[in-house]
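Now for the letters of each chain:
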Amino acid sequence: MSETGNALSTGWRMALTPAGAAADPAALESLSDFLDAPVPGTVAGALERAGRFDRTAPEPLDHFDAWYVLDLSDEAPGDAVLHFDGLATIAEIWWNGALLLSSDSMFVRHDLPVALTGRDRLALCFRALKPHLEKRGPRARWRPQMITPQGLRLVRTTLLGRMPGWCPEIHAAGPWRPVRLSRAVPALPGDIRLSATLDRDGTGRLDIRFRLDGAASIAVECAGLSAEATPVEDGNFVAALAIPKVDAWWPRTHGRPVLHKVQIVVDGKRHPVGRTGFRRIEIDRGADGRDFALRVNGTEIFCRGAVWTSADIVDLPGERARYEPLLKLAADANMNMLRIGGTMTYETPEFFSLCDELGLMVWQDFQFANFDYPANDAAFVENVRREIAQFLDATAAFPSLAILCGGSEVDQQAAMLGLPQSAWAGRLTREILPALAAAHRPDVPYVENSPSGGAMPFAPNAGVTHYYGVGAYCRPLEDARRAEVRFAAESLAFANVPEQQTLDAHLPVPAVHDPRWKARVPRDRSASWDFEDVRDHYLGLLYDEDPARLRRENPARYLDLSRAVVGEVMEATFAEWRRAQSTCNGALVWTFQDLLPGAGWGVVDATGLPKSAWHALRRAFRSVQVMFADEGTNGLEVHVINDGADERHVALELSCLRHGRQPVVSGSRELVLGPHSALTLPATDLFGAFFDTTYAFRFGPPSHDVTVGRLIDADGVMIAETFHFPRGRSSAMAPAALTAGLRQDGEGWVLDLSVDRFAQSVVIEVEGFLPSDSWFHLSPGGVKAIRLAPRAGTDPAAKPAGEIRGIGIEAVISF
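The structure contained in this document is the topic of the report that follows. All values reported here derive from a predicted model rather than from experimental measurement. Numbers given for residues are sequential positions, taken from 1 along each chain in its written order. Reporting in this predicted model follows two pLDDT cut-offs: at least 70 for local features of residues, and 80 or more for side-chain atom pairs to be given and counted; totals over whole chains, interfaces and linings ignore these cut-offs and use all residues. To get the side-chain values, take all heavy atoms of the structure and skip hydrogens and water.

## Digging into the pattern of salt bridges
Point 1. Any carboxyl oxygen of Asp or Glu within 4 Å of a side-chain nitrogen of Lys or Arg constitutes a salt bridge here. This model, assessed by the stated rule, comprises 64 salt bridges.
Point 2. With its nearest N and O atoms 3.7 Å apart, the salt bridge here joins Arg-177 to Glu-347. Note that Arg-177 is positioned in the loop between α2 (130–133) and β10 (179–182) and Glu-347 in the loop between β23 (337–340) and α4 (349–358), a separation of 170 residues in sequence. You'll find Arg-177 and Glu-347 in the same group, each marked buried.
Point 3. With its nearest N and O atoms 3.4 Å apart, the salt bridge here joins Asp-315 to Arg-322.
Point 4. Classification of Asp-315 as buried rests on a relative accessible area of 9%. In DSSP terms, a helix is any run of H or I states spanning at least four residues, a strand is any run of E spanning at least two, and both are numbered starting from the N terminus. Burial classes follow relative accessibility: with a 1.4 Å probe on protein chains only, a residue under 20% of its type's maximum area counts as buried, one over 50% as exposed, and anything between as partly exposed.

## Some words on unusual backbone geometry
Point 1. Cis geometry is found at the peptide bond from Val-39 to Pro-40, where omega equals 5 degrees.
Point 2. When you line up the elements, Pro-40 lands in the loop between β3 (35–36) and α1 (43–49).
Point 3. A cis amide bond links Ser-450 to the next residue, Pro-451, at an omega of 5 degrees.
Point 4. Assignment of secondary structure puts Pro-451 in the loop between β26 (446–447) and β27 (464–467).
Point 5. The phi angle at Ser-526 is positive, at roughly 75 degrees, despite the residue not being glycine.
Point 6. Along the chain, the position of Ser-526 falls in the loop between α10 (515–518) and α11 (531–543).

## Regarding the packing of aromatic side chains
Point 1. Under the pairing criterion, centres of Phe, Tyr and Trp rings, with the six-membered ring standing for Trp, must be within 6.5 Å; the plane angle then separates stacked pairs below 30 degrees from edge-to-face pairs above 60, leaving the rest tilted. Considering all chains together, one arrives at 34 aromatic pairs under this definition.
Point 2. Arranged with centres 6.5 Å apart and planes meeting at 75 degrees, the rings of Phe-107 and Trp-176 form a pair that is edge-to-face. With Phe-107 in the loop between β7 (98–103) and β8 (110–116) and Trp-176 in the loop between α2 and β10, this pair connects stretches of sequence that are 69 residues apart. As far as the burial class goes, Phe-107 and Trp-176 line up, both buried.
Point 3. Through successive ring pairs, a cluster of aromatic residues spans Phe-107, Trp-176, Trp-308, Tyr-323, Tyr-346, Phe-351, Phe-352, Phe-391, Phe-398 and Phe-592.
Point 4. We call a charge positioned above a ring when the Lys NZ or Arg CZ atom is no farther than 6 Å from the ring centre and deviates by at most 35 degrees from the ring normal. Across the ring face of Phe-776, the terminal group of Lys-784 is positioned such that the distance to the ring centre comes to 4.9 Å.

## Considering the sheet that holds strand β11 (residues 190–198)
Point 1. Strand order in the open sheet made by the four strands is β11-β12-β16-β15, with antiparallel pairing throughout. Looking at the sheet topology across the chains shown, the edges are occupied by β11 and β15 (230–231).
Point 2. Across eight bridges, strand β12 (residues 204–211) lies against strand β16 (residues 236–243) in antiparallel orientation. In the sheet register, Gly-204 faces β16, and the bridge partner there is Ile-243. When DSSP locates at least two bridges between a pair of strands, those strands are taken to pair.

## Quick look at the sheet that holds strand β41 (residues 776–778)
Within a beta sheet, neighbouring strands are joined by backbone hydrogen bonds and run either parallel or antiparallel to one another.
Point 1. If you trace the four strands from one edge of the open sheet to the other, you get β41-β39-β43-β44, paired in antiparallel fashion. Looking along the sheet, the strands with just one partner apiece sit at the ends: β41 and β44 (813–814).

Written out as structure tokens, the structure reads:
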């Protein structure tokens, strides 16, 4: 629950020394090269603020000791407690020259009692990590190539900065989480732990435990009900509430993420202790045990979203203000899940609090990946137990925590190196971690590893997979169905090109072959290809272009087609996976945000600006959605989905266009979509007669080049749109004339767009504003209204100005 004490965030000074040069704080007296250092923060962050570190060309930091010093001269004498929420990684805590504690885990918190004198000095030493990474430990059964050095399996620290090929080598060191000072206040509740669950009959159950001294009357309130607290031992109290027909918490795509305030009433005075939500989460493995579907409150949820990296690779921040812009982008993209992978780090309660509010479920890997960890080493296991117990207790009240997972690609790494199944995993993921999860968060399902569940851990047709058939392995789009994916905890990784304004500001170099560009393109270590090659493969496949020649002769068009194609592939793949007949129950894109500006995996760039892929996913993830599926000689199927909790009355309209403008056949139907429902119907049902919509029978030349499907709501507003290209996208490319008008209404600025014929991948570039849609297809016969929302730092009263272009539009339009 909420943190206690005063944050010790200012007044810190930091100095670097060679490893082992200063044995204790007294050895620092001769140093003059101290820097002001923010806390929480990192060594790299302090150096960067002083102009002595470049995140785009980072120098190693793990061979230095880093000393942080704080003088506490304004604190009244008396007993107090120092709280250290995270120290990276081999750390010493010195108080008035005496060593109080040594720590060897970045993920463990410490609380230390101290006696304040009014003339105190707190010193933290972060010892050089490199010598510890070079130590030998128990023999490993396998050695992963992706992460270096191998000694990381023995040290509890983040793998960020240690994965050559995609992650900048920025080493985490320093007090990366808050340092606080608290004094005992007997009349205030402390050590609060909440648990909220939902019964099948709709009853919410709240259990709370807390410590309190010196009170006569204690009660707990939530959702309009109250229960007396009962003393148990050593000043601890417990209380339980049963709340009939409570308003439940739902992921944002399927309902409202309702949160309830919890208060402890002490002798008539109310003390807010936080908020929680009531939900029930289960994994459905199917009759054969091979499936993997998430059920929330009894309803199956198609999970969609992305894998989180970090709000900032240098600072590793944990503040609400740093999380909020990014998490709101995830919510605005109609995501309902983010995964924190085992190669990242644990985020703070502020992250989960925002996810609670926004209706975003969190798949949390414990921070283990790829390595054969020493699960029989007693000291290692003890560190792990403290790490997991502290993390789960700190996040106990958050309903957004939906899945706990033993780590990332541990089983897969062993299997791909040819080891037998008996060697894939062991005590860590099969005994130690599940026992801790069951003890501290029994309401959250546990998954042994990601991926896992099939004949091979990575097999897509059972359990959880990391699916890169469409993507890294350059399989045709049809593979998304052929692979029979059940749940993809990672998928669809591409080198996603940022918008031009980001490139102009942060990477103004020739695309692709400039070494500075290539340095930002992700690749698997030691591979002969990178993810730009993957993107180029699909560019050629979808647009009948030679990427190498196009890049040489028309680089601007090459970049635009590169931006367009990743969105097209993502929309097409999720349209396949979201069909009612699909085996897929969810998929997360790798990754949500870039760590540096460039053509990285992120669907949001390192400046916080969405890329083309983000806009495509926003469309693909709509709660009320229409999609096409080309079933060959069975015709074109129309799939309509309503994930929401309310009944929807909509009109479905279909039209087949010749030369992008002339309707050759069309039809419509009124539909009533029940809550959490889906339906499928053939396109010919709307036409009233046979029509070769997929151009499968080929009785003569094709009569159309694009089919457009639309959902219109009861107010006449188009809420979803989909497209089918019977002869491919390049055959549907024709010069289109676009008109645009900018207007202002009570909510802000709106751009009205129309075209004389079908236009592909229309993009709106407007600095300081985020368009409600971009990289979209635009059909003739109507006006598409695009709302322009001011981004952070933009005056809401400012008039937007920018350009509109598209890969088939005759001329760039300025507004």
